[in-house]
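Chain residues, written in single-letter form:
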Amino acid sequence: MNTRRQFIKSTLGIGSLALGSALLLSRCKSKKKTSSASCNDVSGVSKEEQEKRKKLGYVAVTPVADSKCSTCKLYLPPAQTGDCGHCALFKGPVEAGGYCTYFAPLSEE
Ligand code: SF4
């Protein structure tokens, strides 16, 4: 009689532990995916928009120290930390430290 109760208790305990671990792992995976998202991945962007990107001379790392997307009027900052920003001129992810030939400084009016 005692062994049946013990079996049920231990089974429920292991089940709860397994469920808790699975939930914890799934949360860790989703956070990791968000924070390591590549802002250079244009696989979901149309060829036309990719061409626009190229024509504007977009590069992920600015060659001009004081001019970068994060200080540009046309930059659309990420909605959440770890996401990529965007540009008002073309679709697709943009690095905060990127640059293109249409750079328009925030301070200029
Ligand atoms: S216009 Fe150029 S520099 Fe400005 S946010 Fe867009 S890509 Fe970056």
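## Describing the nonpolar core
Part 1: Among the nonpolar cores identified, the biggest contains 11 residues, and these are Leu56, Tyr58, Cys69, Cys72, Tyr75, Cys87, Phe90, Val94, Tyr99, Cys100 and Phe103.
Part 2: Excluding residues that lie within four positions of it along the chain, leucine 56 makes contacts with Leu89, Phe90, Cys100, Thr101 and Tyr102.

## Overview of the confidence of the model for the chain
Part 1: When pLDDT is averaged along the chain, the result is 79, and 65% of the positions lie at 70 or above.
Part 2: Note that residues 17–36 has pLDDT below 50 and, in this model, 4 contacts with residues that lie over four places away or in other chains.

## Let's talk about the state of the cysteines
Note on terminology: disulfide describes a covalent bond linking the sulfur atoms of two cysteines.
Part 1: Counted under the stated rule, the structure contains 1 disulfide.
Part 2: Here cysteine 39 pairs with cysteine 84 through a disulfide, and the sulfurs are 2.1 Å apart. When the S-S torsion is -95 degrees, as for the bridge of cysteine 39 with cysteine 84, the disulfide is left-handed. In this pair, cysteine 39 is assigned in the loop between helix 1 (2–35) and helix 2 (47–55) and cysteine 84 in the loop between strand 1 (75–76) and strand 2 (86–87), connecting sequence segments 45 residues apart. The two residues cysteine 39 and cysteine 84 agree in class, both being buried.

## Quick look at the pattern of salt bridges
Part 1: If you walk through the whole model with that rule in mind, you get 2 salt bridges.
Part 2: Linking lysine 52 and glutamate 49 is a salt bridge whose minimum nitrogen-to-oxygen distance equals 3.2 Å. Here glutamate 49 and lysine 52 lie together in helix 2, a separation of 3 residues that amounts to about one turn.
Part 3: Note on glutamate 49: relative accessible area 9%, which makes it buried.
Part 4: Of the charged contacts, one joins lysine 54 and glutamate 51 as a salt bridge, the two residues approaching to 3.9 Å between their closest N and O atoms.

Scoring rules and cut-offs
Residues numbered from 1 in each chain as written. Predicted model: local features only at pLDDT ≥ 70, side-chain atom pairs only at ≥ 80, totals over all residues. Heavy atoms only, no water. Core = buried A, V, L, I, M, F, W, Y, C linked by side-chain atoms within 4.5 Å. Buried < 20%, exposed > 50% of the residue type's maximum accessible area, 1.4 Å probe, protein only. Contact = heavy atoms within 4.5 Å. pLDDT = per-residue confidence, 0-100. Disulfide = S-S within 2.5 Å. Helix = DSSP H or I, 4+ residues; strand = E, 2+ residues; numbered from the N terminus. Salt bridge = Lys/Arg side-chain N within 4 Å of Asp/Glu carboxyl O.

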